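# Fold and geometry: a report
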Amino acid sequence: TQGMAMNMNSTKTSQKTTIGRNQLVQVAEKRIAPLLSMDGGNLEVVRFSKKDGTVYIRLGGAYRGSACRETVQKYVVEPVIKAHFPQVLGVELID
């Protein structure tokens, strides 16, 4: 994961860049989905709220109903998204 952290930092976007769902989906598919798929999980980017800076996601596959959902959200998904989009203030799970 150290190599991944270095890659994430080298591809940060400017804080002035507006975030679109497509950009979030691209990062999710390229950087997060491969990690989650190793455990049989998947991720859906539902929406981004510009008002409060929150990205809303849904975890599926092996993570659906799993007790580790919050851990995956906090320690896998959120750091990757925040590394690419500094204007994101948080990532929230929805069912």
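All figures in this text were calculated on a predicted structure; none of them were measured in a lab. Starting from 1, residues in each chain are numbered consecutively following that chain's sequence as written. In view of the model being predicted, local features appear only for residues whose pLDDT reaches at least 70, and side-chain atom pairs are presented and counted only at 80 or more, with totals across whole chains, interfaces and linings using the full set of residues. To get the side-chain values, take all heavy atoms of the structure and skip hydrogens and water.

## What about the sheet that holds strand E1 (residues 41-49)?
Note: two strands are recorded as paired if DSSP finds a minimum of 2 bridges between them. Labels follow the DSSP assignment, with helices taken as runs of H or I lasting at least four residues and strands as runs of E lasting at least two, numbered in each case from the N terminus. The strand order E1-E2-E3 describes an open sheet built from three strands, whose pairing is mixed. If you trace the sheet from one side to the other, it starts and ends with E1 and strand E3 (90-93), each paired once. Each strand axis lies, on average, 30 degrees off the axis of its neighbour in the sheet, ignoring direction. Bridge count for E1 against strand E2 (residues 54-61) is eight bridges, and the pairing is antiparallel. Note on method: axes are straight lines fitted to C-alpha atoms, helices fitted across the in-contact stretch only, with angles between N-to-C directions ranging 0 to 180 degrees.

## A word on helix H3 (residues 69-84)
Here a helix's expected span is defined as the number of its residues, less one, multiplied by 1.5 Å. An ideal rise of 1.5 Å per residue puts 22 Å on 16 residues; H3 measures up with 21 Å between its terminal C-alpha atoms. Across the chain, bend at a residue is computed as the angle between axes fitted to the seven residues ending at that point and the seven starting from it. Roughly 35 degrees is the biggest bend found in H3, and it falls at Glu78, with proline Pro79 one to four residues downstream. All of the buried residues in H3 are Arg69, Val72, Gln73, Val77, Glu78, Val80, Ile81, Ala83 and His84. Burial classes: relative accessible area under 20% of the type maximum marks a residue as buried, over 50% as exposed, and values in between as partly exposed (1.4 Å probe, protein chains only).

## Brief notes about the packing of helix H2 (residues 21-37) against H3
Here H2 crosses H3 at 140 degrees, and the two axes come no closer than 10 Å. Once H2 is placed against H3, the crossing between them reads as right-handed. For the pair H2 and H3, contact is made by Leu24, Val27, Arg31, Ile32, Leu35 and Leu36 and by Val72, Val76, Val77, Val80, Ile81 and His84, respectively. Any residue that is not Ala, Val, Leu, Ile, Met, Phe, Trp, Tyr, Cys, Pro, Asp, Glu, Lys or Arg is counted as polar, Gly included; the first ten are nonpolar and the last four charged. For the contact of H2 with H3, the class distribution of residues is ten nonpolar, one polar and one charged. If you view the pair so one helix is near and one far, a crossing is left-handed when the near helix is turned anticlockwise from the far one by less than a right angle, and right-handed when it is turned clockwise. Should any heavy atoms of two residues lie within 4.5 Å, those residues are considered in contact.

From the geometry alone we can't say anything about function, so treat these as descriptive.
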